[in-house]
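In case you want the letters, here they are:
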Amino acid sequence: MRLTVAQALVRFLAAQYTERDGRRRRLVAATWGIFGHGNVAGIGQALLESGSDAMPFLQGRNEQAMVHAAVGYARQSGRLSTHAVTTSIGPGATNLVTGAALATINRIPVLLLPGDTFATRPADPVLQQLEVPYAADVSVNDALRPVSRHFDRITRPEALVPAALQAVRVLTDPVQTGAVTLALPQDVQAEAYEWPEEFFAERVWRVRRPRPDRAELAAAADAVRGSARPLIVAGGGIRHSGAQAALAALAEATGIPVAVTQAGKGVLPYGHPADVGGIGHTGTATADALAREADVVLAAGTRLSDFTTASATLFQNPAVRFVGLNLDPYDAHKLAARPLVADAREALDELREALAGHRVDAAYETAYRQGAAGWDAVVDRAYAVSAPDEELPPTQAQVLGLLDALVDATDILVNAAGSLPGDLHKLWRARSADQYHVEYGYSCMGYEIPAAIGVALAAPGRPVWALVGDGTYLMNPTEIVTAVQEGVPIRVVVLDNHGYASIGGLSGAVGAEGFGTAYRFRAADGTYTGDPLPVDLAANAASLGMAVIRARTVRDLREALAEARSATRPTCVYVQTRTPDTVSGPPLAQAWWDVPVAETATRKAASQAREEYDRQAAQRRRHL
């Protein structure tokens, strides 16, 4: 079959499927693209020729945002289906780097197809080519190597066959998955070749569920049986495995409490008796207190990042030991854990059987349930709206409270950066396994709006909310145009607090006094402490085609959110938030996070912050 390399690649991708638990999904459900001279005559022509039935096409506005949309789609699809992203050479390709890093860090599959400079070098350099005197085979696409789980450059047509097969192998591998990059020189894309028809045969890639090693399982069961205060820390691996029911069954059979990471929130629904909420720096007081006293921690499907471990200060019991349940041995061995390398669902089911008849002490179970109920009261206070509040701008916590009162299990909340992830982790009551979609592996500003589009494409008919601050909105609003063009009715809630409030708070805590974090005019002393900037984000969203509802007060916002939820077109709710007081605001961090403070300084704020830093850092420990 004589086709160009680009035509062959598109035809190959259209025939790839995944299968897990008897359910088959198309692996690459669509391709996002922005065309330039590096891909318009290759991949662009191939997509046109293939037709939308074979490979649907989605027009993006920013290359980074296209990757975010693909990641949102893939996560909502359980990592069993994803999108491809094609770009031209030069800035189109380098704009992929941030999105690729996000995908790889979060272990989400996405296929990147950047154009590349000529393989045959008929003219050297060509437009947008990076010239590297010491390595003539280097292009800007090499910047994607460290942020890709697999990288290949197709410099000959026949090289596509093994390269494409390897790319799909990595995309469908639950351990290795992440961003996969196939760099495509623009001349090779358009070059024809005689392809074996077998290359285009339908292939089904079965996503495996490895069962645990018997000795590792026995050691894990012994550790749990021998513990007085066990704790399960559940991460995103539970969600990726579809192990929510297995986790609930284990917790219900043993009475072991479950704390959740950002990626794991929602794996137990709000109200489950074993759920003690988020853990770590943005966690609940209940979960963090349990972590400090735990003697055995079952780390299930988590990377144990610094936010989860409170920068190695959280697990303070001198006798604490860890069991690392993870598909990836790299993660399973963290904190000197007893490894339990297996699929989360399979391992949790088998661990429950191995622990048959075992249950934690009744007093321990009663205590943590009382603690969870106490934290629920804290959430109620943060969400509370008094009669005078009705005519005032809402606090950020009240915004979440109004949403909490409105949504049901079908709604999905998307967020990634700013102060919202912390408030959501501490306060949000997740009603379904996939309602809470917070990207916190990379915490990438600008993720929310394009990711919400991807989520909505993967979950048509469900209300999808992108929650963004003004700083995040300004980073990447361009995909609003795509949502309008495609008729994807995402709801964007813009919380305007005139600057980078999250990093501003952190800046104050580490002695940097909020420097450079407010969106204000310069004052006479040269600092950004003048009047707020006259930026109208609502007008901007309207100019990009969204329906916009402005909310000035709590009362306005309640009505606006209800209107947005029932909307059938992309809709933005804009509100300027009020700084909370010390009583009604969100609770403070319940555990530390290590952000180094200047060791020497002339300013008093930095000197005081360093004293606190030294006090907290002294609690760090190595788990060996």
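Structural data are supplied above this passage.
The notes below deal with the structure included here. The model shown is predicted, which means the values in this text are computed figures rather than measured ones.

Brief notes about the overall build of the protein
Here comes step 1: From N to C terminus, the protein includes 24 helices and 23 strands.
Here comes step 2: For the protein, whose C-alpha radius of gyration is 25 Å, the value lies close to the compact-globule estimate of 25 Å for 624 residues.
Here comes step 3: Along the first, second and third principal axes, the C-alpha atoms of the protein reach 70 × 70 × 55 Å.
Here comes step 4: Across the 624 residues that make up the protein, the buried fraction comes to 57%.
Here comes step 5: Put simply, of all contacts in the protein between residues at least 6 apart along the chain, 77% involve residues at least 24 apart.
Here comes step 6: In the structure as shown, the protein presents an accessible area of about 24600 Å², 53% of it carried by carbon and sulfur atoms.

Topic: the sheet that holds strand 2 (residues 16-20)
Here comes step 1: Spatially, the three strands line up as an open sheet ordered 3-2-11, and their pairing is mixed. Pairing within the sheet leaves two strands with one partner each, and these edge strands are strand 3 (23-26) and strand 11 (203-206). Strand after strand, the sheet turns through a mean of 30 degrees between neighbouring axes, direction not considered.
Here comes step 2: The pairing of strand 2 with strand 3 spans four bridges and is classified as antiparallel. Across the sheet, Thr18 pairs through a bridge with Arg25, a residue of strand 3.

A look at the sheet that holds strand 15 (residues 296-300)
The strands making up a sheet associate through hydrogen bonds between their backbones, and the pairing can be parallel or antiparallel.
Here comes step 1: Taken in spatial order, the six strands of this open sheet run 14-13-12-15-16-17, and their pairing is parallel. A single partner strand is all that each edge strand has here, and the edge strands are strand 14 (275-278) and strand 17 (338-341). Looking at each pair of strands side by side, their axes are set apart by 20 degrees on average, direction ignored.
Here comes step 2: Examined bridge by bridge, strand 16 (residues 321-326) and strand 17 share four bridges and lie parallel to one another. Residue pairing in the sheet places Gly324 in a bridge with Pro339 of strand 17.
Here comes step 3: The strands that helix 11 (residues 285-293) touches are strand 12 (230-234), strand 13 (258-260) and strand 14; relative to strand 14, the one it contacts most, it runs at about 100 degrees.
Here comes step 4: Strands strand 15, strand 16 and strand 17 of the sheet are contacted by helix 14 (residues 344-354), whose axis makes an angle of about 130 degrees with strand 16.

Section: the pattern of salt bridges
Here comes step 1: The final tally for this structure, using the stated rule, is 35 salt bridges.
Here comes step 2: Two residues, Arg359 and Glu365, come together in a salt bridge whose shortest N-O distance is 2.7 Å.
Here comes step 3: For Arg620, the salt bridge goes to Asp594, with nearest N and O atoms at 2.3 Å. Within this pair, whereas Arg620 is found in the segment after helix 24 (604-617), its partner Asp594 is found in the loop between strand 23 (571-576) and helix 24, the two being separated by 26 residues in sequence.
Here comes step 4: Among the residues examined, Arg620 registers a relative accessible area of 39% and is labelled partly exposed.
Here comes step 5: Overlapping salt bridges, with partners in common, bring together Asp21, Arg209, Asp343, Arg345 and Glu346 in one network.

Here we look at unusual backbone geometry
Here comes step 1: In this model, Asp124 is joined to Pro125 through a cis peptide bond whose omega is 10 degrees.
Here comes step 2: Here Pro125 lies in the loop between strand 7 (110-116) and strand 8 (150-153).
Here comes step 3: At Ser311, a position not held by glycine, the phi torsion is positive, near 50 degrees.
Here comes step 4: Along the chain, the position of Ser311 falls in the loop between helix 12 (306-309) and strand 16.
Here comes step 5: Judged by relative accessible area, which is 9%, Ser311 ranks as buried.
Here comes step 6: With phi around 65 degrees, Ala312 is a residue other than glycine that occupies positive phi space.
Here comes step 7: If you trace the backbone, Ala312 turns up in the loop between helix 12 and strand 16.
Here comes step 8: Ala312 gets classed as partly exposed once you look at its relative accessible area, which sits at 27%.

Here's the deal with the packing of aromatic side chains
Here comes step 1: With the rule as written, the count across this model stands at 11 aromatic pairs.
Here comes step 2: Centre to centre, the rings of Trp195 and Phe199 are 5.9 Å apart; their planes meet at 20 degrees, and the pair counts as stacked. By the burial criterion, Trp195 is buried, and Phe199 matches it.
Here comes step 3: Every member of this aromatic cluster is reached through a ring pair, and the members are Phe12, Tyr193, Trp195, Phe199 and Phe200.
Here comes step 4: The residue whose ring lies beneath Arg24 is Tyr17, and the NZ or CZ to ring-centre distance is 4.1 Å.

Some thoughts on helix 16 (residues 396-406)
Here comes step 1: Extensive coverage of helix 16 is indicated by the burial of nine of its 11 residues.
Here comes step 2: Every buried residue of helix 16 is listed here: Gln396, Ala397, Gln398, Val399, Leu400, Gly401, Leu402, Leu403 and Asp404.
Here comes step 3: Tucked into the core, helix 16 has its buried residues touching helix 15 (362-383), helix 17 (420-427), strand 20 (464-469), strand 21 (491-496) and helix 23 (554-565).

Focus: the nonpolar core
Nonpolar side chains in soluble globular proteins generally cluster together in the buried interior.
Here comes step 1: Of all hydrophobic cores here, the largest spans 52 residues; its most connected members are Ile238, Leu247, Val258, Ile279 and Leu348.
Here comes step 2: Excluding residues within four positions of it along the chain, Leu348 makes contact with Ile238, Ala243, Ala246, Leu247, Leu250, Leu298 and Leu325.
Here comes step 3: Counting 51 residues, the second-largest nonpolar core is a separate cluster that includes Val85, Cys444, Ala456 and Ile490.

Thoughts on the packing of helix 8 (residues 214-225) against helix 14
Any two packed helices are characterised by how steeply their axes cross, that is the angle between the axes, and by the distance between the axes.
Here comes step 1: The interhelical angle for the contact between helix 8 and helix 14, taken along N-to-C directions, is 55 degrees, at an axis separation of 10 Å. Taken together, the axes of helix 8 and helix 14 lie oblique to each other. When you trace helix 8 past helix 14, the crossing you get is right-handed. Contacts from Leu217, Ala220, Ala221 and Arg225 in helix 8 reach Ala347, Glu350, Leu351 and Ala354 in helix 14.

A word on the environment of Ala362
Here comes step 1: Positionally, Ala362 belongs in helix 15.
Here comes step 2: Spatially, the C-alpha atoms of Ala362 and Gly255 are 8.4 Å apart, while their sequence positions differ by 107 residues.

Here we look at the environment of Ala167
Here comes step 1: Relative to the helices and strands, Ala167 is located in helix 6 (residues 160-171).
Here comes step 2: Put simply, Ala167 and Glu559 are 392 residues apart on the chain and 48 Å apart in space, counted from C-alpha to C-alpha.
Here comes step 3: With residues up to four places along the chain from it excluded, the contact list for Ala167 reads His150, Val180 and Leu182.

Focus: a nonpolar patch on the surface
Here comes step 1: A contiguous nonpolar patch, built from Leu474, Phe521, Leu533 and Val535 and spanning about 330 Å² of accessible area, is present on the exposed surface.
Here comes step 2: Structurally, Val535 can be placed in the loop between helix 21 (501-509) and helix 22 (537-543).
Here comes step 3: Given the relative accessible area of 44%, Val535 is considered partly exposed.

Some details on the pairing of strand 2
Here comes step 1: Of all five residues that make up strand 2, four are buried, and the element is covered over most of its length.
Here comes step 2: Across four bridges, strand 2 lies against strand 11 in parallel orientation. Of the residues in strand 11, the one forming a bridge with Glu19 is Arg206.

Calculation criteria
Residues numbered from 1 in each chain as written. Predicted model: local features only at pLDDT ≥ 70, side-chain atom pairs only at ≥ 80, totals over all residues. Heavy atoms only, no water. Helix = DSSP H or I, 4+ residues; strand = E, 2+ residues; numbered from the N terminus. Rg over C-alpha atoms; globule rule 2.2 N^0.38 Å. Buried < 20%, exposed > 50% of the residue type's maximum accessible area, 1.4 Å probe, protein only. Contact = heavy atoms within 4.5 Å. Areas by Shrake-Rupley, 256 points an atom, 1.4 Å probe, with all protein chains shown as cover. Pairing = 2+ DSSP bridges. Axes fitted to C-alpha atoms, helices over the stretch in contact; angles between N-to-C directions. Salt bridge = Lys/Arg side-chain N within 4 Å of Asp/Glu carboxyl O. Phe/Tyr/Trp six-rings, centres within 6.5 Å; stacked < 30°, edge-to-face > 60°. Lys NZ or Arg CZ within 6 Å of the ring centre and 35° of its normal. Core = buried A, V, L, I, M, F, W, Y, C linked by side-chain atoms within 4.5 Å. Parallel < 35°, antiparallel > 145°, perpendicular 65-115°, else oblique. Left-handed = near helix turned anticlockwise from the far one by under 90°. Patch = residues over 30% accessible without salt bridge, like charges linked within 9 Å, V, L, I, M, F, W, Y side chains within 5 Å.

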